[in-house]
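Architecture at a glance
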Amino acid sequence: MEKNKIFDEVEKMLTEQHFNIITIDDARPWGGFFVIDENQAQDFANIFFDGIDVDELRIGGKLSPKILLVAPKARLSWQYHHRRAEIWQVVSGTVGIKRSPTDQEGELVEYKPKDQIKLEQGERHRLIGLDNWGVVAEIWQHVDASNPSNEDDIVRVQDDFGR
């Protein structure tokens, strides 16, 4: 499937679910993402995380919902974050994820729709597209509401794109 088609499909799905899309970034070399209004975190969790109570996810009082789209055979950087933990749930497609408490990459594990992954603050991780596009719902769990995480809070240990 072409990149613009998968982005159009996901945007339509989010719009039909009445989500307020704050940002669409389709310029990432591995795919891209949609950022959803933080005020809709519980609605987002109801649909994509089987109704998990977002109050139980709060670490620093702030949550940021996103949808990640990873292209076939593409890999996000081997990375970690200082100011957030993350919870992911596969929406569609099968994706690979590597994780480790150290800079040494862990084994590739495949995840299918409805599989959920919790990443701790500082845990190294990498999302990998396999044979088809993967769509993953993500909620950032900010650890400090006065200094919330952002796209600059990525420590890249290794990156296929030289970032």
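One can find the structure itself at the top, above this paragraph.
As a starting point, this report considers the structure included with it. (Residues numbered from 1 in each chain as written. Predicted model: local features only at pLDDT ≥ 70, side-chain atom pairs only at ≥ 80, totals over all residues. Heavy atoms only, no water.)

Moving on: the packing of aromatic side chains. Here the structure, examined in full by the defined rule, presents five aromatic pairs. With 4.9 Å between their ring centres and 50 degrees between their planes, F44 and F48 make a pair best called tilted. A residue pair is termed a helical-turn pair when its members lie 3 or 4 positions apart in one helix, as F44 and F48 do in helix 2 (residues 41-48) at four residues. Here the two residues F44 and F48 agree in accessibility, since each one is buried. Judged by centre distance (6.2 Å) and plane angle (45 degrees), the ring pair of F44 and F49 falls under tilted. For the residue pair F44 and F49, the accessibility class agrees, reading buried in each case. Every member of this aromatic cluster is reached through a ring pair, and the members are F19, F44, F48 and F49. We note R84 situated over the ring of W140; from NZ or CZ to the ring centre the distance is 3.7 Å. (Phe/Tyr/Trp six-rings, centres within 6.5 Å; stacked < 30°, edge-to-face > 60°. Helix = DSSP H or I, 4+ residues; strand = E, 2+ residues; numbered from the N terminus. Buried < 20%, exposed > 50% of the residue type's maximum accessible area, 1.4 Å probe, protein only. Lys NZ or Arg CZ within 6 Å of the ring centre and 35° of its normal.)

The next point concerns the sheet that holds strand 3 (residues 63-70). By definition, the strands of a sheet pair up through backbone hydrogen bonds, in either a parallel or an antiparallel sense. Ordered in space as 1-2-3-10-5-8, the six strands form an open sheet in which the pairing is antiparallel. The open sheet has two edge strands with one neighbour each: strand 1 (21-28) and strand 8 (116-119). Averaged over all pairs of adjacent strands, the angle between their axes in this sheet comes to 20 degrees, without regard to strand direction. Of the pairings in the sheet, the one linking strand 1 to strand 2 (residues 31-36) comprises five bridges and is antiparallel in character. (Pairing = 2+ DSSP bridges. Axes fitted to C-alpha atoms, helices over the stretch in contact; angles between N-to-C directions.)

This part takes up the side chain of Q40. Structurally, Q40 can be placed in the loop between strand 2 and helix 2. Take Q40: its relative accessible area is 13%, and that puts it in the buried class. A distance of 2.9 Å separates the side chain of Q40 from the backbone oxygen of H18, its partner in a polar contact. Excluding residues that lie within four positions of it along the chain, Q40 makes contacts with H18, F19 and N20. (Polar contact = N/O pair within 3.5 Å; in protein donor to acceptor, adjacent residues only side chain to side chain. Contact = heavy atoms within 4.5 Å.)

Quick look at the pattern of salt bridges now. Tallied over the entire structure, the rule returns 13 salt bridges. Of the charged contacts, one joins K98 and E105 as a salt bridge, the two residues approaching to 3.3 Å between their closest N and O atoms. Overall, K98 belongs to the buried group, its relative accessible area being 18%. Through salt bridges with shared partners, a single ionic network connects K66, E138 and E151. (Salt bridge = Lys/Arg side-chain N within 4 Å of Asp/Glu carboxyl O.)

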